[in-house]
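# Examination of the molecular architecture
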2 protein chains.
Amino acid sequence: MESVKAQSYEVHIDELAQAALNQHVAKYDYSKIFLLVDKNTKKYCLPTFEKMFTGTIDSIFEIEPGEENKHIHTCMQVWEHLSQFDGDRKSLLVNLGGGVLTDLGGFVASTFKRGIDFINIPTTLLSMVDASIGGKTGVDLGSLKNQIGVINQPQMVLIFPEFLKTLDARQTRSGYAEMLKHGLIKDKEYWDLLKTQNAFEAAANIQKSIAIKNEVVIQDPTEKGIRKILNFGHTLGHAIESYCLENYDKKTLLHGEAIAVGMILEGYLSHKLTGLPKLSLNEIKEVFLQHFDKEEFDGHDIDAILKLLKYDKKNSHGNINFVLLQSIGVAVTDIKVPDDLFEEAFAYYRE
Amino acid sequence: MESVKAQSYEVHIDELAQAALNQHVAKYDYSKIFLLVDKNTKKYCLPTFEKMFTGTIDSIFEIEPGEENKHIHTCMQVWEHLSQFDGDRKSLLVNLGGGVLTDLGGFVASTFKRGIDFINIPTTLLSMVDASIGGKTGVDLGSLKNQIGVINQPQMVLIFPEFLKTLDARQTRSGYAEMLKHGLIKDKEYWDLLKTQNAFEAAANIQKSIAIKNEVVIQDPTEKGIRKILNFGHTLGHAIESYCLENYDKKTLLHGEAIAVGMILEGYLSHKLTGLPKLSLNEIKEVFLQHFDKEEFDGHDIDAILKLLKYDKKNSHGNINFVLLQSIGVAVTDIKVPDDLFEEAFAYYRE
């Protein structure tokens with residue numbers, strides 16, 4: 001499959017990925033090559049990686065998987081490992097894992113000795129279509145997502161669709177939610193295609209999703225303008241994800257599951273504020289609820305979620321800015337939402 | 001005094017600094033202004049700052065002073081404070097302190113929500129002539145200096161020579177050592193001037209030192225080439241500084257005190273390897289020992305210091321690259337040093 005040219009690097013897919021990696025490592029005279037994995041990618045993805053990589057891995061470091069470990073304490077472990085095993089400025093870090101691992105590994109590399117090279121190999125559908133583009137690296141602060149980080153680009157991103165076979169249905173749907181978002185904010189035709197597919201079928205469209213995200217990010221790398229549209233569903237979605245993460249009695253939602261709820265809620269806000277037709281709103285709700293369980297949120301939950309909203313890193317001056325839809329395929333940014341609409345949105349989600 | 005134009009910002013000195021700060025804050029519509037201080041700058045510098053600043057400080061956060069607190073745990077406290085007090089992407093962090101505080105505060109700002117604006121107000125002679133230029137931010141990892149960080153530029157740097165009156169003789173000499181280095185690596189005339197002055201008199205040359213460092217950094221922001229000359233005295237100096245920091249029975253050396261030793265040692269290496277005349281070497285030793293106590297290092301100390309050398313972040317592929325002098329005012333980079341010369345250098349320092 002054709003490579004996608006991102007800001008300063010390329011996303012190589014499938015057969016081209018292997019050649020690109022081996023050529024890069026042969027060309028750059030890295031002093032050490034470190035590989036970052038978690039329990040799952042060590043078991044399911046490392047054997048494949050080792051088979052196709054012709055260079056030498058000097059050291060493999062395993063971190064605990066999951067959003068709850070996307071913390072500065074995990075970074076400390078990796079920094080200390082790099083230091084202990086003589087990592088220097090000419091070392092390379094290869095991140096083999098989902099979005100948590102590539103975000104964290106990218107941040108560790110960007111800050112170790114003020115920045116060493118890194119290569120991301122996303123292993124989940126979500127990280128292939130989302131974390132592969134945009135250069136966002138970082139970790140959470142308490143339950144607040146991605147509060148600590150930098151924008152920095154990897155040397156390259158490698159996509160091996162083969163890794164998708166290692167995913168369960170829930171993880172696959174989590175990526176599917178982001179792909180549906182790409183349709184909603186930028187490409188009605190893509191939405192119309194995806195909605196007829198299940199998550200596993202949809203995964204064949206990785207390249208299309210990467211290309212849409214890339215087109216947006218290249219226009220606005222620092223998220224001053226159009227890049228904000230990628231946050232559709234994420235303002236409420238992040239708050240819901242944080243809330244479920246920090247409350248042990250709530251089911252922990254995967255990122256895609258949380259933003260699926262967020263997109264229905266923000267779809268409702270779009271209908272009320274930016275002209276999204278009722279029929280389109282109902283279609284959005286129907287498509288997501290076909291694939292994602294309806295979650296339960298009582299009054300107490302909603303209050304707590306709305307409190308978390310104000311900590312969202314995209315807020316400025318205490319105002320909450322939403323990305324909403326004018327129609328399917330057309331998003332608008334910087335919309336303020338009156339407080340009373342939030343309750344209504346949750347009521348619409350519930351009904 | 002005239003401002004110095006650095007890469008993307010200006011260093012304003014004295015009367016211009018106050019005007020620049022107040023104009024900047026009036027122009028940019030910051031959502032919150034945070035001020036970072038330590039115990040000392042809160043007591044000695046904050047009153048002056050408050051008198052001349054016409055904007056509103058929303059929140060002041062105090063960290064523990066000293067190199068032993070230049071750690072990720074201190075960053076955690078500052079990140080959490082920024083988050084708790086509603087810091088967002090449009091917030092400003094003003095760092096009022098010495099190099100430890102401006103390095104740490106710059107790193108916190110560069111990584112909070114993937115980067116917010118920051119302004120540095122160095123309060124020690126060392127930080128005025130050194131940390132004010134170059135965009136190096138970061139913290140230590142264990143006893144290894146500046147292992148975690150990024151290169152990122154502040155909005156501006158403000159130098160108030162008035163703060164120099166708050167420094168004791170030891171701190172003033174620590175900055176003086178860096179100024180002498182600027183002469184040694186780049187400007188014989190400047191060295192010849194400084195060597196006739198004591199540390200307090202030399203402090204009047206702040207602008208000259210900033211201009212020399214800036215001239216070097218602008219040519220090579222990422223330290224691939226000429227910028228390395230700024231590390232003269234630092235390869236051994238950092239190892240000595242780290243060693244004294246982690247050994248409770250050794251006197252903790254200020255940065256300038258450690259590199260003063262480093263410059264005598266690397267002066268010796270320069271005499272042996274890159275043609276620094278014996279007379280110049282003796283002059284260097286004499287000038288530094290006029291101002292700095294001779295430190296004691298026994299065989300055990302020297303072994304441990306040489307072990308730390310290999311962790312220096314400037315090393316690549318396990319080789320130790322030194323910056324040495326050909327003559328006073330002319331430095332050369334990337335020089336390998338045979339192991340047996342280190343003992344000799346310490347012997348020369350001792351004799």
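Numbers given for residues are sequential positions, taken from 1 along each chain in its written order. Key to labels: chains lettered from A, ligands numbered from 1, both in the order written. Given that this is a predicted model, residues contribute local features only at a pLDDT of at least 70 and side-chain atom pairs are listed and counted only at 80 or more, while totals for whole chains, interfaces and linings are drawn from all residues. In computing side-chain properties, one takes all heavy atoms of the structure into account and sets aside hydrogens as well as water.

This part is about the UniProt feature "domain: 3-dehydroquinate synthase N-terminal" (unreviewed entry) in chain A. UniProt marks residues 61-173 of chain A with the feature "domain: 3-dehydroquinate synthase N-terminal" (unreviewed entry), using the numbering shown here. Here a helix means four or more residues in a row that DSSP labels H or I, a strand means two or more in a row labelled E, and each is numbered from the N terminus. When the span residues 61-173 of chain A is considered, its composition is 34% helix and 24% strand, and the gap between its end C-alpha atoms is 28 Å. UniProt positions are given in the numbering used here, feature names are shortened, and annotations may be inferred rather than shown by experiment.

On to the packing of helix H14 (residues 299-309) of chain B against helix H15 (residues 340-350) of chain B. Residue and element names in this part refer to chain B. Between the N-to-C directions of two axes lies an angle of 0 to 180 degrees, each axis being a line fitted to C-alpha atoms and, for a helix, fitted only over the stretch in contact. In the contact formed by H14 and H15, the axes pass within 11 Å of each other and the chain directions differ by 130°. Compared by their axis directions, H14 and H15 come out oblique. In the packing of H14 onto H15, the handedness of the crossing is right-handed. Judged by residue contacts, Ile-302, Asp-303, Ile-305, Leu-306 and Leu-309 of H14 engage Phe-342, Glu-343, Phe-346 and Arg-350 from H15. Amino acids are sorted into nonpolar (Ala, Val, Leu, Ile, Met, Phe, Trp, Tyr, Cys and Pro), charged (Asp, Glu, Lys and Arg) and polar (every other residue, Gly among them). Looking at the contact of H14 with H15 residue by residue, the class counts come to 6 nonpolar, no polar and 3 charged. By the definition adopted for this analysis, an angle is roughly parallel if under 35 degrees, roughly antiparallel if over 145, roughly perpendicular if from 65 to 115, and oblique otherwise. Each crossing gets its handedness from the near helix: less than a right angle anticlockwise from the far helix is left-handed, clockwise is right-handed. In what follows, residue pairs with any heavy atoms lying within 4.5 Å of each other are defined as contacts.

Our next topic: the interface of chain A and chain B. Interfaces are frequently sized by the accessible area removed from exposure as the parts join. Listed as interface residues are 41 residues of chain A and, on the opposing side, 41 residues of chain B. Simply put, the buried area is the total loss of 1.4 Å probe accessible area from both parts when two parts are fitted together. Approximately 3400 Å² of surface area, both sides summed, lies buried where chain A meets chain B, with 55% of it carried by carbon and sulfur atoms. Throughout this description, the term salt bridge denotes a Lys or Arg side-chain nitrogen within 4 Å of a carboxyl oxygen of Asp or Glu. If you look at where chain A meets chain B, you find 2 salt bridges. The closest approach of N and O atoms between Arg89(A) and Glu223(B), which form a salt bridge, is 3.6 Å. At 7 residues, helix H4 (residues 72-84) of chain A tops the list of elements feeding residues into the side of chain A that touches chain B.

This paragraph deals with the pairing of strand S3 (residues 33-38) of chain A. Residue and element names in this part refer to chain A. Taken across its 6 residues, S3 has 6 buried, putting it largely inside the fold. Here, a strand pair is defined by DSSP locating no fewer than two bridges between the strands. The pairing of S3 with strand S5 (residues 92-97) spans 4 bridges and is parallel. Along S5, the bridge assignment pairs Leu-35 with Val-94. Taken together, the 5 bridges between S3 and strand S4 (residues 59-63) define a ladder with parallel strand orientation. Note on S4: the bridge partner recorded for Asp-38 is Ile-63. Exposure is judged per residue with a 1.4 Å probe applied to protein chains only, and the accessible area is read against the type maximum: over 50% gives exposed, under 20% gives buried, and values in between give partly exposed.

Moving on, we get to the packing of aromatic side chains. Any two of the Phe, Tyr and Trp rings considered here, Trp counted by its six-membered ring, make a pair once their centres fall within 6.5 Å; the pair's planes then place it as stacked at under 30 degrees, edge-to-face at over 60, or tilted in between. Counted by the stated rule, this structure contains 20 aromatic pairs over all chains. Judged by centre distance (6.2 Å) and plane angle (50°), the ring pair of Trp191(A) and Phe288(A) falls under tilted. In this pair, Trp191(A) is assigned in helix H8 (residues 188-194) and Phe288(A) in helix H13 (residues 278-291), connecting sequence segments 97 residues apart. Taking the relative accessible area as the measure of exposure, Trp191(A) reaches 0% and is therefore buried. Relative to Tyr349(B), the ring of Phe297(B) lies with its centre 6.3 Å away and its plane at 45°, an arrangement referred to as tilted. Taken together, the residues span a long stretch of sequence, with Phe297(B) in the loop between helix H13 (278-291) and H14 and Tyr349(B) in helix H15 at a distance of 52 residues. Residue classification places Tyr349(B) among the buried residues on the basis of a relative accessible area of 1%. In textbook terms, an aromatic cluster arises when at least three aromatic residues are bridged by ring pairs, as seen for Trp191(A), Phe288(A) and Phe292(A). The residue whose ring lies beneath Lys285(A) is Tyr348(A), and the NZ or CZ to ring-centre distance is 4.3 Å. Comment: the charge-over-ring label is applied if NZ (Lys) or CZ (Arg) is within 6 Å of the ring centre and within 35 degrees of the ring normal.

Relative to chain B, chain A is turned by 180° and slid 0.0 Å along the rotation axis, the superposed coordinates differing by an RMSD of 0.0 Å. Viewed as a symmetry operation, the transformation between the two copies matches a two-fold axis. When the interface residues of chain A are mapped onto chain B, 100% of them again fall at the interface, so both copies present the same face. In this comparison the copies share one frame, found by least squares on the C-alpha atoms of residues holding pLDDT of at least 70 in both.

Residue and element names in this part refer to chain B. Strand order in the open sheet formed by 7 strands is S1-S2-S9-S6-S5-S3-S4, and the pairing between neighbours is mixed. Each edge of the open sheet is held by one strand with a lone partner, namely strand S1 (4-5) and strand S4 (59-63). With 6 bridges joining them, strand S5 (residues 92-97) and strand S6 (residues 117-122) adopt parallel strand pairing. Counted as the bridge partner of Gly-97 is Pro-122 from S6. Contacts from helix H4 (residues 72-84) reach strand S3 (33-38), S4 and S5, with the element oriented near 165° to S4. Sheet contacts for helix H5 (residues 99-111): S3, S4, S5 and S6; angle to S5, the most-contacted strand, approximately 170°.

All names here are of chain A. Taken together, the buried positions of helix H14 (residues 299-309) are occupied by Asp-301, Ile-302, Ala-304, Ile-305, Leu-308 and Leu-309. Burial along H14 is one-sided: seen end-on, the buried residues are contained in an arc of 165°. For H14, the exposed residues set more than 90 degrees away from the buried face come down to His-300 and Lys-307. For H14, the secondary structure elements touched by its buried residues are strand S8 (144-148), helix H11 (234-246), strand S10 (321-327) and helix H15 (340-350). Between the side-chain oxygen at the start of H14 and the backbone nitrogen of His-300 there is a gap of 3.1 Å, and the oxygen is on Asp-298. Directions drawn from the helix axis to the C-beta atoms are what define this arc. In protein, a polar contact means a hydrogen-donor-capable atom and an acceptor-capable atom, both N or O and within 3.5 Å, with residues adjacent in sequence counting only if both atoms are side-chain atoms; elsewhere, any N or O pair within 3.5 Å suffices.

Residue and element names in this part refer to chain A. Residue ranges for the domains trace back to a domain assignment, done automatically or taken from a database. Looking at the assigned domains, one finds that chain A contains domain 1 (4-166) and domain 2 (169-350). Centre-to-centre, using C-alpha coordinates, domain 1 lies 26 Å away from domain 2. Every contact between the two is made by 26 residues of domain 1 and, on the other side, 29 residues of domain 2. Broken down residue by residue, the surface that domain 1 buries against domain 2 is led by Leu-125, Val-129 and Lys-145, which jointly contribute 24%.

Further remarks concern a negative patch on the surface. All names here are of chain A. A contiguous patch of negative charge on the surface is contributed by Glu-296, Asp-298, Asp-303 and Glu-343. As for its placement among the helices and strands, Glu-343 is situated in helix H15. The class for Glu-343 is partly exposed, based on a relative accessible area of 42%. Only residues above 30% relative accessible area that lack a salt bridge enter a patch, with like-charged residues linked at up to 9 Å and the nonpolar side chains Val, Leu, Ile, Met, Phe, Trp and Tyr linked at up to 5 Å. For accessible areas, the Shrake-Rupley method is used with a probe of radius 1.4 Å. Any residue's cover is judged against the shown protein chains and nothing else. For the purpose of counting charges, residues Lys and Arg are taken to be positive, whereas Asp and Glu are taken to be negative. His and the chain ends are not included. A single reference atom marks each charge: NZ on Lys, CZ on Arg, CG on Asp, CD on Glu.

All names here are of chain A. Overall, mixed pairing links the 7 strands, which are arranged S1-S2-S9-S6-S5-S3-S4 in an open sheet. This sheet does not close on itself; its edge strands, each paired only once, are strand S1 (4-5) and S4. Running over the sheet, helix H5 (residues 99-111) touches S3, S4, S5 and strand S6 (117-122) and is turned about 170° from S5.

The phi dihedral of Asn146(A) falls on the positive side, at around 55°, and the residue is not glycine. Structurally, Asn146(A) can be placed in strand S8. A positive phi angle, close to 65°, is found at Arg114(B), a residue other than glycine. Positionally, Arg114(B) belongs in the loop between H5 and S6. Since its relative accessible area comes to 11%, Arg114(B) is described here as buried.

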